[in-house]
Amino acid sequence: MSDSSTTALDRKRPWLTDERELPANMNWLQTLFNPTGTSPRLHFTRAWTLLFMLQLLVIILPWSIALIFNSAGGDGQPIGEFGLFATPVVFIVTTLISYVIHSRRLLDAGKTPLLAIIPLIPLIIGLAVFMMTAQGQSAQYDKRFEMRQDYLADPDGFRAKQREEREKAKAEAEKKAAEAEANGEAAPSQPQGQGRRGPGGPGGMMNFEQPLPPKAEFVLKNALPPMQMIMILLSAPIAIWSLMWVARAPYFGRYPGEKEAVQAESGDRRPYEA
C-alpha cells in the first residue's frame, strides 16, 4: 500500500497535482492586475472569491447597518446614501479586475482571452443605462431650476400662469373626454397629480419654496440605482459561467489524472489538453 501523503504537494490540499496551484506560489498583484500572464485554477478561484465578497459586502453591509439604525430610532439615511454611491464604484473596480483574472485563467487553459470580455457586459450595459438616465434627470433638474427661478422672481405672476395652464389642460381633457364619449370610446385618463401645483415632482407637484439640492447629487441619486440593479442582475449568470466553465477549464470537471502528475514531476508546466 502506497502512502499518498508522501507524494502530496500540500498535505492540507491533497487534491493538488500541479505545483503552480500551491497558494504559496500565488502572486496577488500579478493575479489581479496583470492581464497578460497566466493563472491556474486555484489562483483564479481565490481571486474570484475575493471580488465576489467585496461586491456582496458593499451591497448588504450599508443596507443592513442603515436598517438597524432606522429600527433603533436613529437616522440611517447617510449610511444608505454611502452604500448608494459606493456600490457602483466597487462594482466598476471589481469588474475591471474580473476581466484581468478571467483573461489570465483563459490564457493558462489555452482558450481565447477574448472570452474575458463577457464579465464586462454588465458594466457596459450599466454605464449605458446610467448615461441615458443621467441625461433625462439633468434635463428635468434644469426644468425645475428654471421654474423655481420664475417663481422667486414673481410668485404671484407665476401662480397666475400656472393656474391658467391648469385650466387650459383641464379644458383640453374635458374636450377629449366629450369627443371620446360621442364616439363611444373610453375617456382618456388624466395623469395622477396633473393640474394641482404644476410639474416637477412626484405626482406632478413641486414645492417652489424649498431649495433644490445640488445638480450632481440630484442626478446621481436618480441615475445610480438603475445602473446598480442592471449590474447585479446581469452579474449573477456570468458568475455561474465563471465557476462552471472558466474555473474548470481545460479539464471541464475532470480531476487532473496521471498524465498531469507526470507532467508536473517532469517539469513540464504546460496545461494538459485531453
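Residues numbered from 1 in each chain as written. Predicted model: local features only at pLDDT ≥ 70, side-chain atom pairs only at ≥ 80, totals over all residues. Heavy atoms only, no water.

Caption draft 1: Summary view of the overall build of the chain. Across its full length, the chain carries seven helices and zero strands. For the chain, the sequential pattern of α-helices and β-strands runs α-α-α-α-α-α-α. In the chain, which comprises 274 residues, the share counted as buried stands at 32%. A fraction of 64% describes how many contacts in the chain between residues 6 or more apart in sequence connect residues 24 or more apart. If you sum the accessible surface of the chain, you get close to 16,900 Å²; carbon and sulfur atoms cover 61% of it. (Helix = DSSP H or I, 4+ residues; strand = E, 2+ residues; numbered from the N terminus. Buried < 20%, exposed > 50% of the residue type's maximum accessible area, 1.4 Å probe, protein only. Contact = heavy atoms within 4.5 Å. Areas by Shrake-Rupley, 256 points an atom, 1.4 Å probe, with all protein chains shown as cover.)

Caption draft 2: Structural view of the packing of helix α4 (residues 121-153) against helix α6 (residues 215-244). For the pair α4 and α6, the least separation of the axes is 8 Å and the interaxial angle reads 160°. Between α4 and α6, the crossing angle belongs to the class labelled roughly antiparallel. Handedness of the crossing formed by α4 with α6: right-handed. Among the residues forming the contact of α4 with α6, the class breakdown is 19 nonpolar, six polar and three charged. (Axes fitted to C-alpha atoms, helices over the stretch in contact; angles between N-to-C directions. Parallel < 35°, antiparallel > 145°, perpendicular 65-115°, else oblique. Left-handed = near helix turned anticlockwise from the far one by under 90°. Nonpolar A, V, L, I, M, F, W, Y, C, P; charged D, E, K, R; others polar.)

Caption draft 3: Representation of α6 in the model. Taking 1.5 Å of rise per residue, 30 residues should cover 44 Å, and α6 covers 44 Å from first to last C-alpha, within 8% of that figure. The largest bend in α6 comes to about 30°, at Ala236, with the proline Pro237 one to four residues further on. Among all positions of α6, only Phe218, Val219, Ala223, Leu224, Met227, Met231, Ser235, Ile238 and Ser242 are buried. Its buried side turned inward, α6 meets α2 (41-71), α3 (77-108) and α4. (Expected span 1.5 Å × (residues − 1). Bend = angle between axes of the 7 residues up to and from the residue.)

Caption draft 4: Inspection of the environment of Val58 at higher detail. You can see Val58 is positioned in helix α2. Measuring from C-alpha to C-alpha, the distance between Val58 and Ala86 comes to 7.0 Å, with 28 residues separating the pair along the chain. Not counting residues up to four positions away in its chain, the partners in contact with Val58 are Ala86, Thr87, Val90 and Phe91.

Caption draft 5: The arrangement of the packing of α2 against α6 in detail. Two numbers describe how α2 lies on α6: the axes approach to 12 Å, and their chain directions differ by 160°. In terms of orientation, α2 and α6 fall into the roughly antiparallel class. In the crossing of α2 with α6, the sense of the turn from one axis to the other is left-handed. Counting all contacts with α2, which are made through Phe44, Trp48 and Ile59, the residues of α6 involved are Ile232, Ala239, Ser242 and Leu243. Per-class residue counts for the contact of α2 with α6 are six nonpolar, one polar and no charged.

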